[in-house]
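Residues per chain, in single letters:
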Amino acid sequence: MKRPTINRLRFLGALSIAALLSACAPDKQTDANKKEETGINTEQTKSTAQAPPLIDRQLLFGNPSRFQGRLSPDGKMMSFRAPLNGVMNLWVAPAGDIDSAKPVTRDTGRGIPSHFWALDSRHLLYIRDRDGDENWHLYAVDLDNNKIIDLSPFDGVQAQMVAQSETHPGAVIVGMNDRDPRWHDLYKVNLKTAERELLQENDGFAHFFLDHDLKLRLATESTPSGGYRAYKFTDDDWLEVFEVDFEDALTTHILGFDGDNNGFYMLDSRGRDKAALVHYALDSGHKVVIAESNKADIANVLMHPRRHLPIAYAINFETNAWIPLDGAYTEDLATLEKQVRGDFNILGSTLDASQWVLYTDSAAAAPRYQVFDTRDNTLSTLFTTHPKLATLPLAKMYLLVLSARDGKDLVSYLTLPADLDQGGSLTAPIPMVLLVHGGPWGRDSFGFDPEAQWLANRGYAVLQVNFRASTGFGKGFVNAGNGEWAGAMHNDLVDAVDWAIAEGIASPDEVAIMGASYGGYATLVGLTFTPKKFACGVDVVGPSSLNTLISSIPPYWESFRSTLHAAVGNPDTEEGRNLLTERSPLHRADKIVRPLLIGQGANDPRVKQAESDQIVAAMKAREIPVTYILYPDEGHGFQKPENRLSFFAAAEAFLSDCLGGRYQPFGDDLKGSSVQVVHGATFIPGLQRALMNSKILATNTVEGTDE
């Protein structure tokens with residue numbers, strides 16, 4: 001007998017809003033005082049006289065005008081996140097009448113990061129944690145009276161939304177780990193009263209699946225090899241349905257039940273390389289492949305919310321492409337593709353599937369949330385996320401498929417300064433930033449990227465590479481990263497840099513590496529394993545020791561532990577411990593010869609503060625320059641706009657001193673933030689003065705006496 005956790009977690013996670021920044025080269029430190037006074041890079045003033053105006057950081061990294069557009073399931077109302085007194089809150093309006101929108105929450109802290117509708121169209125649901133600790137609480141807003149109820153009112157407990165059903169209005173199924181922090185028990189929770197009813201106590205499962213009558217039917221359990229087994233609940237017992245080996249664990253997932261509750265849909269890579277959309281009959285075990293591609297995994301599936309049949313699926317190799325499955329919608333999709341400018345993703349639909357909510361993105365313009373009405377094939381805009389960018393000189397993003405040294409294809413993206421771009425090439429090499437995505441089980445995609453736009457506007461080429469272990473390109477590509485942290489995964493990044501140098505994009509001595517989460521680790525690897533390859537680097541919430549990282553994962557990641565050990569290194573074996581030690585930048589800190597900027601959230605449950613503390617301590621002991629910025633009210637990334645702006649401001653000056661690009665003076669970008677410069681304020685031109693001007697240095701700088 002086994003009992004079911006929910007939510008198989010990816011490890012470090014792709015982190016889009018965390019600041020990814022770079023440091024200053026040692027041979028340019030003598031100009032620090034001059035730049036601190038003027039806020040201008042004197043080396044570049046002449047050469048950039050004809051460059052386009054600087055795009056204010058606030059427009060790229062402050063709060064968007066509106067974000068996360070949603071339609072209610074009945075299509076009558078719309079919701080979105082937008083600032084209220086500078087904090088992202090939830091707003092609601094009649095569909096199509098955005099001018100009538102009113103706030104229904106009044107958060108005054110870090111803001112609300114995500115929301116969605118209850119299927120009764122009367123309640124709005126959202127999640128919120130405390131200062132980045134990821135102990136998510138689930139809240140419900142009753143739109144009849146705007147009353148807000150905490151559906152998981154327990155300190156130190158993480159709530160996970162599991163299921164809801166149109167046939168059971170006023171209730172949701174939620175996982176909570178208040179009994180055992182490792183496992184989420186399953187509860188049915190009343191949206192109006194927060195009363196909960198225990199459905200299933202859990203002592204070892206990784207995922208629960210309920211049918212459309214909210215009956216518990218399936219669960220998955222991790223295996224020691226790093227894969228998992230699926231079980232069905234029959235006659236008060238759990239019976240094994242199938243096993244997924246480790247090589248398929250990251251590319252095979254159950255999606256949900258069909259309309260008859262007799263089978264379920266899943267993305268399945270077993271017996272193939274690219275994950276296909278499959279229907280699995282629960283009683284007979286019969287599988288039918290519904291859709292597949294030889295280019296990439298199926299990335300997304302649009303399901304009819306009432307019929308529970310797949311309408312269309314998406315393949316994302318270089319860009320996102322939607323293919324119809326239900327013939328009734330073939331013409332709709334064809335018409336939609338003619339109307340949309342750029343790439344698009346279908347986020348969801350009304351219950352009758354008549355209106356689809358889209359996120360549309362052309363990379364060189366601010367994204368838009370739009371609604372496609374299948375009844376008359378019209379496309380309307382809910383809102384633009386950053387309307388003030390409309391008249392500004394945004395850069396184009398170019399698609400690349402580079403070749404790694406062993407022949408693997410690396411889908412990549414190149415962004416060039418708008419004034420220097422010659423159709424994807426340059427007349428002369430320029431400084432470049434290698435921007436590394438998080439995860440590593442995530443990916444870079446085509447589309448608007450604030451970091452890439454910011455860097456290109458400052459005069460840098462920006463290269464983003466889907467190195468091996470990135471998801472979406474088949475299980476072979478994902479598994480090629482197993483045991484290759486700081487190995488072949490890093491070689492892919494180096495190969496991409498060498499390509500850019502050979503193509504005349506980048507100057508060999510003027511390449512920075514930067515990233516958050518796994519990208520932060522990649523930055524540390526770049527500066528320790530290939531210490532002279534990069535001019536400088538920035539690590540944001542990146543692990544410095546794989547040993548301490550794996551030993552300190554959150555308790556609710558227990559179901560993911562065996563997969564993590566199989567992919568990165570098993571600390572329970574001598575071979576695994578040796579591998580983790582060998583691939584840990586901390587043990588090579590003495591190899592660092594380039595400047596480094598580190599950003600960290602004090603409450604990060606994934607990559608704990610100790611990961612940054614220990615490499616900074618190692619560098620200080622060897623008198624290697626490093627700047628360490630800490631935020632006491634942040635976790636795995638920087639959610640508060642004031643904190644994002646302060647970090648990007650510091651990074652911009654840092655990068656300018658390192659690579660010679662343009663930068664915008666600090667101005668007021670430190671005010672209102674919780675920034676603590678733990679070490680190395682003087683290594684960033686203008687930072688110490690900005691701290692003093694913002695009256696931060698005396699109260700927030702941990703080591704102000706040695707600056």
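What counts and what doesn't
- Residues numbered from 1 in each chain as written.
- Predicted model: local features only at pLDDT ≥ 70, side-chain atom pairs only at ≥ 80, totals over all residues.
- Heavy atoms only, no water.
- Buried < 20%, exposed > 50% of the residue type's maximum accessible area, 1.4 Å probe, protein only.
- Helix = DSSP H or I, 4+ residues; strand = E, 2+ residues; numbered from the N terminus.
- Phe/Tyr/Trp six-rings, centres within 6.5 Å; stacked < 30°, edge-to-face > 60°.
- Lys NZ or Arg CZ within 6 Å of the ring centre and 35° of its normal.
- Core = buried A, V, L, I, M, F, W, Y, C linked by side-chain atoms within 4.5 Å.
- Contact = heavy atoms within 4.5 Å.
- Polar contact = N/O pair within 3.5 Å; in protein donor to acceptor, adjacent residues only side chain to side chain.
- Disulfide = S-S within 2.5 Å.
- Pairing = 2+ DSSP bridges.
- Axes fitted to C-alpha atoms, helices over the stretch in contact; angles between N-to-C directions.
- Salt bridge = Lys/Arg side-chain N within 4 Å of Asp/Glu carboxyl O.

A few words on helix H10 (residues 561-568). Residues spaced three or four apart along an α-helix point in a common direction, a consequence of the helix completing one turn every 3.6 residues. Counting buried positions along H10 gives six out of eight residues, so the element sits mostly inside the fold. Positive backbone phi, at 160°, marks glycine 569, one or two positions downstream of H10.

Applying the stated criterion across every chain, the model contains 30 aromatic pairs. Taken together, a centroid distance of 6.2 Å and an interplanar angle of 70° make the contact between phenylalanine 257 and phenylalanine 264 edge-to-face. Just as phenylalanine 257 is buried, phenylalanine 264 falls in that class too. Above the face of the tyrosine 187 ring, arginine 196 is positioned so that its terminal group lies 4.0 Å from the ring centre.

Glancing now at the nonpolar core. One finds Ile298, Met432, Leu434, Trp441, Leu463, Ile505 and Val568 to be the most contacted residues of the largest nonpolar core, which totals 84 residues. With seven residues, helix H8 (residues 518-529) is the single largest residue contributor to this core. Those residues within four positions of methionine 432 in sequence are excluded, and the remaining contacts are Ala461, Val462, Leu463, Val497, Ala500, Ile505, Ala506, Glu510, Val511, Ala512 and Leu659.

Turning to the side chain of serine 646, a few remarks are in order. With respect to the helices and strands, serine 646 occurs in helix H13 (residues 641-659). Take serine 646: its relative accessible area is 2%, and that puts it in the buried class. At 2.7 Å, the side chain of serine 646 and the side chain of tyrosine 631 are in polar contact. Contacts of serine 646, omitting those with residues within four sequence positions, involve Tyr631, Asp669, Leu670, Ser673 and Val675.

Looking now at the state of the cysteines. For the structure on display, the rule yields one disulfide. There is a disulfide in this structure between cysteine 536 and cysteine 658, and the S-S distance comes to 2.0 Å. Across the disulfide from cysteine 536 to cysteine 658, rotation about the S-S bond amounts to roughly -100°, and the bridge is consequently left-handed. Of this pair, cysteine 536 sits in strand E33 (residues 536-540) while cysteine 658 is found in helix H13, placing the two residues 122 residues apart along the sequence. The residues cysteine 536 and cysteine 658 share a single accessibility class, namely buried.

Residue proline 440 is reached from glycine 439 by a cis peptide bond, and omega for that bond is 5°. Unlike most non-glycine residues, glutamate 134 shows phi in positive territory, near 65°. Residue position: glutamate 134 is located in the loop between strand E6 (123-128) and strand E7 (137-142). Its identity as a non-glycine residue notwithstanding, alanine 363 has a phi of 75°, on the positive side. In this structure, alanine 363 sits in the loop between strand E25 (355-361) and strand E26 (368-373). On the basis of relative accessibility, which here comes to 2%, the residue alanine 363 falls in the buried class.

Before going further, it helps to spend a moment on the sheet that holds strand E16 (residues 237-244). Strand order in the open sheet made by the four strands is E13-E14-E15-E16, with antiparallel pairing throughout. This sheet does not close on itself; its edge strands, each paired only once, are strand E13 (207-210) and E16. Direction aside, neighbouring strands of the sheet carry axes that sit 25° apart on average. With four bridges connecting them, E13 and strand E14 (residues 216-222) associate as antiparallel partners. Within the sheet, the bridge partner assigned to histidine 207 lies in E14 and is threonine 220.

Next up on the list: the pairing of strand E29 (residues 409-415). E29 sits mainly inside the fold: six of its seven residues count as buried. Following strand E28 (residues 397-403), the chain reverses through five residues before pairing antiparallel with E29; glycine 407 in that reversal takes a positive phi of roughly 95°. Bridge count for E29 against strand E31 (residues 461-465) is four bridges, and the pairing is antiparallel. Its bridge partner lying in E31, tyrosine 413 is registered against glutamine 464.

So, about the pattern of salt bridges. The final tally for this structure, using the stated rule, is 35 salt bridges. Notably, a salt bridge pairs arginine 110 with aspartate 129, separated by 3.0 Å at the nearest N-O pair. Linking arginine 110 in the loop between strand E4 (102-103) and strand E5 (114-117) with aspartate 129 in the loop between E6 and E7, this pair joins segments that are 19 residues apart in sequence. Overall, arginine 110 belongs to the buried group, its relative accessible area being 10%. Exposure remark for aspartate 129: the relative accessible area of 7% places this residue in the buried category. As a salt-bridge pair, arginine 110 and glutamate 634 come within 2.8 Å of each other at their nearest N and O atoms. Pair noted here: arginine 110 is in the loop between E4 and E5 and glutamate 634 is in the loop between strand E35 (626-631) and H13, with a separation of 524 residues, a long-range link. Each of the two residues, arginine 110 as well as glutamate 634, counts as buried. Salt bridges sharing partners connect three or more residues here, namely Arg57, Arg458, Glu652 and Asp669.

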